[in-house]
Amino acid sequence: MSVAPSLDPGSPRVRFGAELRRLRETAQLSQAAVAARLGCTQTQVSRLEMATRTPSRSDAEKLDRLFGEADGVSFTGLYQRIVSRPGGPVWFRSWAEEIEHTALVLRSWDPLLVPGLLQTEAYARCLFSREPRITPEEADERVAARMGRQQILDRDAPPLILVLMDAGVLRRRVGDQEVMREQLGHLLEVAQRPAVSIQVVDPECLPGLAGAFMIAELPNGHPVTVHADSPAQGQVSTDPDIVTAIQNRYEAVRLWAYPERISLKMIEDVKREWT
């Protein structure tokens, strides 16, 4: 079943509740017994487990003392992730922290912009600074979070990253000419890495008009997970029907992609135009 972004299984608040339920049941404690130790009601413990109540720092610290950080679970650490703001909304932080960070393969389609994992700091800053009603501090946080995501590219065993990008992205001005020239140069540079493939897609590709998305293949038998963009909130899902639909759309877009060698030549040619 599809999961609403605020209740995504990768979100720290949902994991807080799931770990609380798991450790409570392992210790053979009732919700009432845990409530007595937290100094709250059984209903409040139930809401914590269902992720419909945000825990307090006191809740987290008491649970760590109660369960002794069993199995490496730190409720205080999960609490800190719940209340921290960098990187934008919780639904996307769950993707960046729990899905993208552990993926073996990441496939993406971007009809409008350079994908976040391949953006330069200047390009990202231009995008975030023009978000509606955003403060300079919030823009700085989002830029820092985006740059932090890119650390997966520098791991000893990075994920295989397969990027499909509309040809119009190369000429869609973000910032000034220097920003665009630097961004396209960065694409050419990162494409030399063995774990990164960039293909430019013909702008007549109609299946791509539905919007941007990412597909993550995960280790240890975890289900394929997809993230689909929207202006208000993204959707992160493992629903087989949704995953299949996104995978089919990816393949439909890929049929319109130029070979990698030709794609990189196109990027190089357009880079020279930004002078």
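Residues numbered from 1 in each chain as written. Predicted model: local features only at pLDDT ≥ 70, side-chain atom pairs only at ≥ 80, totals over all residues. Heavy atoms only, no water.

Peer 1: Whenever I open this one, the packing of helix α2 (residues 31-38) against helix α4 (residues 57-67) confuses me. Can you help?
Peer 2: Helix-helix packing is described using two parameters, namely the angle between the two axes and the distance between the axes. Put simply, α2 and α4 touch, their axes get as near as 10 Å, and they point 115 degrees apart. Two packed elements cross with a definite hand, and for α2 against α4 that hand is right-handed. Contacts from V34, R37 and L38 in α2 reach D59, K62, L63 and L66 in α4. Its residues assigned to classes, the contact of α2 with α4 comprises four nonpolar, no polar and three charged. (Axes fitted to C-alpha atoms, helices over the stretch in contact; angles between N-to-C directions. Helix = DSSP H or I, 4+ residues; strand = E, 2+ residues; numbered from the N terminus. Left-handed = near helix turned anticlockwise from the far one by under 90°. Contact = heavy atoms within 4.5 Å. Nonpolar A, V, L, I, M, F, W, Y, C, P; charged D, E, K, R; others polar.)

Peer 1: Any chance you could explain the pairing of strand β5 (residues 225-228) here in plain terms?
Peer 2: A regular strand places its side chains on the two faces of the sheet in alternate fashion. Bridge analysis of strand β4 (residues 213-217) against β5 gives four bridges, and the strand direction is antiparallel. Bridge pairing in β5 places A216 opposite T225. Pairing analysis gives three bridges linking β5 to strand β6 (residues 235-237), with the strands arranged antiparallel. Residue pairing across strands places H227 opposite V236, the latter belonging to β6. (Pairing = 2+ DSSP bridges.)

Peer 1: Even after reading the chapter, I still don't get the confidence of the model for the protein chain, so can you show me in this structure?
Peer 2: The predicted structure's coordinates, where accompanied by low pLDDT, should not be read in detail. Mean pLDDT over the protein chain: 87, with 89% of residues reaching 70 or higher. Within the model, pLDDT remains below 50 along residues 1-7, and this stretch shows 17 contacts once partners closer than five positions in the same chain are excluded. (pLDDT = per-residue confidence, 0-100.)

Peer 1: Would you take a moment to explain the packing of aromatic side chains for this structure?
Peer 2: Aromatic ring pairs are defined here through the distance separating the ring centres and the angle between the ring planes. With the rule as written, the count across this model stands at two aromatic pairs. The interplanar angle of 70 degrees and the centroid separation of 4.9 Å between the aromatic rings of F16 and F75 together place this pair among those described as edge-to-face. With a gap of 59 residues between them, F16 in helix α1 (residues 12-26) and F75 in helix α5 (residues 75-83) connect regions that are remote in the sequence. What makes F16 buried here is its relative accessible area of 0%. The class for F75 is buried, based on a relative accessible area of 1%. With a centroid separation of 6.3 Å and an interplanar angle of 40 degrees, the aromatic rings of F67 and F75 are classed as tilted. Both residues of the pair, F67 and F75, belong to the buried class. (Phe/Tyr/Trp six-rings, centres within 6.5 Å; stacked < 30°, edge-to-face > 60°. Buried < 20%, exposed > 50% of the residue type's maximum accessible area, 1.4 Å probe, protein only.)

Peer 1: Hey, could you run me through the pairing of strand β1 (residues 105-110) in this one?
Peer 2: Most of β1 is tucked away: five of the six residues are buried. Of the strand pairs in this sheet, β1 and strand β2 (residues 160-166) are connected by six bridges, and their pairing is parallel. For V105, the partnering residue across the bridge sits in β2 and is L160. Sheet topology places β1 next to β4; five bridges connect them, and they run antiparallel. Paired with W109 across the two strands is F213, which belongs to β4.

Peer 1: I'm lost on the nonpolar core in this one. Help?
Peer 2: One broad rule of soluble globular proteins: the nonpolar side chains tend to lie buried together. If you look at the biggest cluster of nonpolar residues, it comprises 37 residues, and the most contacted ones within it are L106, L118, Y123, M165, L187, I198 and I267. Listing elements by their share of this core, those giving two or more residues are α6 (90-99), α7 (121-129), β2, α9 (177-190), β3 (196-201), β4 and α11 (260-273). The element that contributes the greatest number of residues to this core is α9, accounting for six residues. Residues within four places of I198 in sequence aside, it is in contact with L118, V163, M165, L187, V190, A191, E260, S263, L264 and I267. Within the second largest apolar cluster, 19 residues are counted, among which are L23, A35, L38 and Y79. (Core = buried A, V, L, I, M, F, W, Y, C linked by side-chain atoms within 4.5 Å.)

Peer 1: Could you clarify how one ought to interpret the packing of α1 against α4 in this entry?
Peer 2: For the pair α1 and α4, the least separation of the axes is 12 Å and the interaxial angle reads 30 degrees. In terms of their interaxial angle, α1 and α4 are classed as roughly parallel. In terms of crossing hand, the pair formed by α1 and α4 is left-handed. Residue-level inspection shows F16, L20, L23 and R24 of α1 in contact with α4, the latter providing A60, L63 and F67. A breakdown of the residues in the contact of α1 with α4 according to their chemical character gives six nonpolar, no polar and one charged. (Parallel < 35°, antiparallel > 145°, perpendicular 65-115°, else oblique.)

Peer 1: Any chance you could explain helix α10 (residues 240-254) here in plain terms?
Peer 2: Residues that lie three or four places apart on an α-helix share one face, since the helix turns once every 3.6 residues. For α10, which comprises 15 residues, the first-to-last C-alpha distance of 21 Å matches the rise-based estimate of 21 Å (1.5 Å per residue) to within 8%. Looking only at α10, the buried set comprises V243, I246, Y250 and V253. The arc that holds every buried residue of α10, seen down its axis, measures 90 degrees, which confines them to one face. Relative to its buried face, α10 has exposed residues pointing more than 90 degrees away, namely P240, D241 and N248. (Expected span 1.5 Å × (residues − 1). Arc of directions from axis to C-beta.)

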